[in-house]
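Each chain, letter by letter, is given below.
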Amino acid sequence: MKIALIAHDKKKDEIIELSKKYKDVLGEYELYATGTTGTLIMGETGLKIHRMKSGPLGGDQQIGAMLANGELDLIIFLRDPLTAQPHEPDVSALLRLCDVQKIPLATNVSSATVMLETLKEKKAFLF
């Protein structure tokens, strides 16, 4: 299973804490992340992560291309809905691709926790 980890700037601390809490679960899968998010998670957890470019520099589009090609199975994208994002069209396209490809998408810590707990218990996602 291939999992992408993405977080807007104001959500970086949350994705780091989530990754630390579920390090053992995440470590069982192939991980991808946008640039800064991936660097921060690797630094705090030691997890091996394939890093893309930073989101505003095309990382969201790189993850989107992987989605479009059927190369990802789960996305955790901790979004900041209260701050305007300069790359909002890329973000919207990524969310739309998750729906088109029927890929599970967590956009906040609560939904990400549900998904990671499911993986922890070795229950399969229906997709």
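Look up a bit, the structure's there.
Numbering of residues starts from 1 in each chain and follows the order in which that chain's sequence is written. The model is predicted, so local features are restricted to residues of pLDDT at least 70 and side-chain atom pairs to those at 80 or more, both for listing and for counting; the totals for chains, interfaces and linings are taken over all residues. To obtain the side-chain values, all non-hydrogen atoms of the structure were included, while hydrogens and water were left out.

The next point concerns the overall build of the chain. Only DSSP runs of H or I with at least four residues qualify as helices, and only runs of E with at least two residues qualify as strands; both kinds are numbered from the N terminus onward. Check the secondary structure of the chain and you find six helices and five strands. Ordered by position in the sequence, the α and β elements of the chain form the string β-α-α-β-α-β-α-β-α-β-α. We take the radius of gyration over the C-alpha atoms and set the globule estimate at 2.2 Å times the residue count to the 0.38 power. A globule of 127 residues ought to have a C-alpha radius of gyration of about 14 Å, and the chain, at 13 Å, matches this closely. Once the C-alpha set of the chain is aligned to its principal axes, its extents read approximately 35 × 30 × 25 Å. Only protein chains enter the calculation, and the probe is 1.4 Å; a residue is then buried if its accessible area is under 20% of its type maximum, exposed if over 50%, and partly exposed in between. Split into buried and exposed, the 127 residues of the chain put 47% on the buried side. Within the chain, contacts between residues separated by at least 24 positions form 67% of all contacts whose residues are at least 6 apart in sequence. As displayed, the chain offers around 6700 Å² of accessible surface, 52% of which is attributable to carbon and sulfur atoms. We score Asp and Glu as negative and Lys and Arg as positive, and we do not count His or the chain ends. A charge is said to be at NZ when it belongs to Lys, at CZ for Arg, at CG for Asp and at CD for Glu. Taking the average place of the 16 positive charges on the side chains of the chain and the average place of its 17 negative ones, the gap between the two points comes to 2 Å. The contact definition used throughout considers only heavy atoms, calling two residues in contact when any of these lie within 4.5 Å. With residues, only the protein chains shown are counted as cover, and all accessible areas are computed by Shrake-Rupley using a 1.4 Å probe.

Before going further, it helps to spend a moment on unusual backbone geometry. You will see that Lys102, though not glycine, has its phi angle at about 60°, which is positive. Along the chain, the position of Lys102 falls in the loop between helix H5 (88-101) and strand E5 (105-106).

Moving on: the pairing of strand E2 (residues 30-33). Two strands pair under a simple rule: DSSP has to find at least two bridges between them. Sheet analysis places strand E1 (residues 2-7) next to E2, joined by four bridges and oriented parallel. Residue pairing for E2: Ala4 is matched across the bridge by Tyr32. Bridge count for E2 against strand E3 (residues 49-51) is three bridges, and the pairing is parallel. Residue Ala33 lies in a different strand from E3, and its bridge partner there is Arg51. With helix H3 (residues 35-45) bridging E2 and its parallel neighbour E3, the resulting β-α-β unit is right-handed. When the strands point away from the viewer and the path from the first strand over the helix to the second turns clockwise, the crossover is right-handed.

Moving on to the side chain of Thr37. Looking at where Thr37 falls in the secondary structure, it is placed in helix H3. Owing to a relative accessible area of 1%, Thr37 belongs among the buried residues under this scheme. What Thr37 contacts, discounting residues up to four positions off in sequence, is Leu5, Ile6, Ala7, Lys12 and Ile15.

What follows concerns helix H6 (residues 109-120). Here H6 contains 12 residues, and its C-alpha end-to-end distance of 16 Å stays within 8% of the 16 Å for a straight helix at 1.5 Å per residue. Every buried residue of H6 is listed here: Ala112, Met115, Leu116, Thr118 and Leu119. All buried residues of H6 fall inside an arc of 155° around its axis, so they share one side. Away from its buried face, by an angle of more than 90 degrees, H6 presents the exposed residues Ser110, Val114 and Lys120. Those residues of H6 hidden inside the fold are in contact with E1, helix H1 (12-21), helix H2 (23-26), strand E4 (74-78) and E5. Polar contact criterion, stated in full: a pair of N or O atoms within 3.5 Å, where within protein one must be able to donate a hydrogen and the other to accept it, and residues adjacent in sequence count only if both atoms are side-chain atoms. The distance from a side-chain oxygen at the start of H6 to the backbone nitrogen of Ser110 is 3.0 Å, and the residue carrying that oxygen is Asn108. At the C-terminal side of H6, Lys122 shows a positive phi close to 60°. Helix span, as expected, comes to 1.5 Å for every residue beyond the first. Working note: the arc is built from the helix axis to C-beta atom directions.

A pairing counts as a salt bridge when a side-chain nitrogen of Lys or Arg comes within 4 Å of a carboxyl oxygen of Asp or Glu. For the structure shown, the criterion picks out five salt bridges. Two residues, Glu28 and Lys122, come together in a salt bridge whose shortest N-O distance is 2.4 Å. Taken together, the residues span a long stretch of sequence, with Glu28 in the loop between H2 and E2 and Lys122 in the segment after H6 at a distance of 94 residues. On the accessibility criterion, Glu28 (48% relative accessible area) is partly exposed. Here the salt bridges share partners, and the residues they tie into one network are Glu17, Lys20 and Glu44.

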